[in-house]
Amino acid sequence: MKTFARCYVWWPKIEDIENHGLCEPCQQTTHAPPRAPVHPREVTTKPWSRVYIDFAGTFQGQMFFLLVDSFSKWLEVKRLSSVTSSATIKVTREIFAIHEHITPSAATGFSPVELLTKRRLGTVLDLLYPDLVEDRKRKNEELLDQRLSKGQLRSFSLNDAVYIKNHSSGPTLIPRTVIEKTGPLSYKNITPNGKSIRCHIDQMRNRKTSLARPQSSPETR
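Here the residue numbers are simple positions, counted from 1 along each chain's written sequence. Confidence filtering applies because this is a predicted model: local features only for residues at pLDDT of at least 70, side-chain atom pairs given and counted only at 80 or more, and all residues used for totals across whole chains, interfaces and linings. Processing note: side-chain calculations cover all non-hydrogen atoms of the structure and skip hydrogens and water entirely.

- Looking at an unreviewed UniProt entry, the protein chain carries the name Integrase zinc-binding domain-containing protein, with the source organism given as Araneus ventricosus.

Below you can see the structure in the form of structure tokens.
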């Protein structure tokens, strides 16, 4: 390749042409790698370990506070006249007063109160269901295995050289080194000065490093 190039062009250190793409400007301006597929949310294993909160409105001058328990799909709706932090804390505390609804959720097949309180209601029904949590975990693991086998997920190893996106002032990409895998799609990276940060894989790309050329001694010149 170097001999062919010399037939048309020349510049100092043209012998380094085979190392094209290793310089920082080339790596920082190249196309971003494909985005990672959406990762399924981690399976919730017990009631109230994860909740989803939002506000809806304004409707007829009122705001509505919405809370859903991730495990049981228990829904609470409270009407609020304001959405201040003190009002939000107060209504959240009131949510712990549980109402017993026996209608099964379409998402789980269980009534919210049965999953939330871990007890059967006093009804004539006595249904047996499989282990919901383990079944969801198994399905998530199968989905990840399928994506890994098809090469849809990128991955990094310990001490890999990477660039991460910079969301503050300065250069667009910052060089870092992988020091730990913190989740299915996240890694902890460190800078030469010892500062670490956790990043999603979509915020990272490979960083190529070139080997230093050995210096010739005076005797060999």
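What about the overall build of the protein chain?
Consideration 1: Scanning the protein chain from terminus to terminus reveals 5 helices and 8 strands.
Consideration 2: Helix and strand definitions here come from DSSP, where helices need a minimum of 4 consecutive H or I residues and strands a minimum of 2 consecutive E residues; each element is numbered from the N-terminal end. Across the protein chain, helices and strands are ordered from the amino to the carboxyl terminus as α-α-β-β-β-α-α-α-β-β-β-β-β.
Consideration 3: Partly exposed residues are those whose accessible area sits between 20% and 50% of the maximum for their type, while under 20% is buried and over 50% is exposed, using a 1.4 Å probe and protein chains only. In the protein chain, buried positions account for 26% of the 221 residues.
Consideration 4: The criterion used for residue contact is that any of the two residues' heavy atoms lie within 4.5 Å. For the protein chain, restricting intrachain contacts to residue pairs at least 6 apart in sequence, the fraction spanning at least 24 positions comes to 42%.

Observations regarding the sheet that holds strand 8 (residues 204-206)
Consideration 1: Strand pairing follows a simple DSSP-based rule, namely that at least 2 bridges must link the two strands. The 5 strands are arranged 7-6-5-4-8 in an open sheet whose pairing can be described as antiparallel. The sheet is open, and its two edges are formed by strand 7 (196-200) and strand 8, each paired on a single side. The mean inter-strand angle of the sheet, taken between neighbouring strand axes irrespective of direction, is 50 degrees. The angle between two axes is taken between their N-to-C directions and runs from 0 to 180 degrees, where each axis is a line fitted to C-alpha atoms and a helix contributes only its stretch in contact.

Some details on unusual backbone geometry
Consideration 1: The phi dihedral of Gln 60 is positive, around 55 degrees, even though this residue is not glycine.
Consideration 2: Position of Gln 60 relative to the elements: it lies in the loop between strand 1 (51-59) and strand 2 (62-69).
Consideration 3: The class for Gln 60 is exposed, based on a relative accessible area of 71%.
Consideration 4: Within the chain, Lys 73 stands out as a residue other than glycine whose phi angle is a positive 65 degrees.
Consideration 5: Structurally, Lys 73 is set in the loop between strand 2 and strand 3 (75-80).

As for the sheet that holds strand 3
Consideration 1: Strands sit in the order 1-2-3 across an open sheet of 3 strands; the sheet is antiparallel. At either margin of the open sheet sits one strand with a lone partner, and together these are strand 1 and strand 3. Across this sheet, the average inter-strand angle for adjacent strands is 20 degrees, counted without regard to direction.
Consideration 2: Pairing between strand 2 and strand 3: 6 bridges, direction antiparallel. Counted as the bridge partner of Phe 65 is Lys 78 from strand 3.
Consideration 3: The sheet contacts of helix 3 (residues 85-94) involve strand 1, strand 2 and strand 3, and relative to strand 2 the element is tilted by about 45 degrees.

Some details on a nonpolar patch on the surface
Consideration 1: Within the patch definition used here, like charges are joined within 9 Å and nonpolar side chains (Val, Leu, Ile, Met, Phe, Trp, Tyr) within 5 Å, considering only residues with over 30% relative accessible area and no salt bridge. Where accessible areas are quoted, they stem from the Shrake-Rupley method and a 1.4 Å probe; at the residue level, only the protein chains shown are allowed to cover. The rule for a salt bridge is simple: a side-chain nitrogen of Lys or Arg has to be within 4 Å of a carboxyl oxygen of Asp or Glu. A cluster of nonpolar side chains, namely Phe 4, Tyr 8, Val 9, Trp 10 and Trp 11, defines an oily patch on the protein surface of about 650 Å² accessible area.
Consideration 2: With relative accessibility at 36%, the residue Trp 11 sits in the partly exposed group.

Some thoughts on the packing of aromatic side chains
Consideration 1: Stacked, edge-to-face and tilted are the three classes for Phe, Tyr and Trp ring pairs, Trp counted by its six-membered ring, which pair at centre distances within 6.5 Å; planes under 30 degrees apart are stacked, over 60 edge-to-face, the rest tilted. What the rule picks out here adds up to 2 aromatic pairs.
Consideration 2: Between Phe 55 and Phe 65 the ring centres are 5.6 Å apart and the planes differ by 65 degrees, which places this aromatic pair in the edge-to-face class. Pair noted here: Phe 55 is in strand 1 and Phe 65 is in strand 2, with a separation of 10 residues, a long-range link.
Consideration 3: Using a relative accessible area of 30% as the deciding quantity, one classes Phe 55 as partly exposed.
Consideration 4: Residue classification places Phe 65 among the buried positions, given a relative accessible area of 0%.
Consideration 5: On the basis of an interplanar angle of 90 degrees and a centroid distance of 5.5 Å, the ring pair of Phe 156 and Tyr 187 is categorised as edge-to-face. Of this pair, Phe 156 sits in the loop between helix 5 (132-149) and strand 4 (161-165) while Tyr 187 sits in strand 6 (residues 186-190), and the two are 31 residues apart along the sequence.
Consideration 6: Given a relative accessible area of 1%, Tyr 187 falls into the buried group.
Consideration 7: Counted as over-ring charges are cases with an Arg CZ or a Lys NZ within 6 Å of the ring centre that also lie within 35 degrees of the ring normal. Positioned above the aromatic ring of Tyr 163 is the side chain of Arg 207, whose terminal nitrogen or guanidinium carbon lies 5.9 Å from the ring centre.

Details of the pattern of salt bridges
Consideration 1: What the rule picks out here adds up to 2 salt bridges.
Consideration 2: Asp 202 is paired through a salt bridge with Arg 35; the nearest N and O atoms lie 3.6 Å apart. Of the two residues, Asp 202 sits in the loop between strand 7 and strand 8 while Arg 35 sits in the loop between helix 2 (24-29) and strand 1, which places them 167 residues apart along the sequence.
Consideration 3: Exposure remark for Arg 35: the relative accessible area of 66% places this residue in the exposed category.

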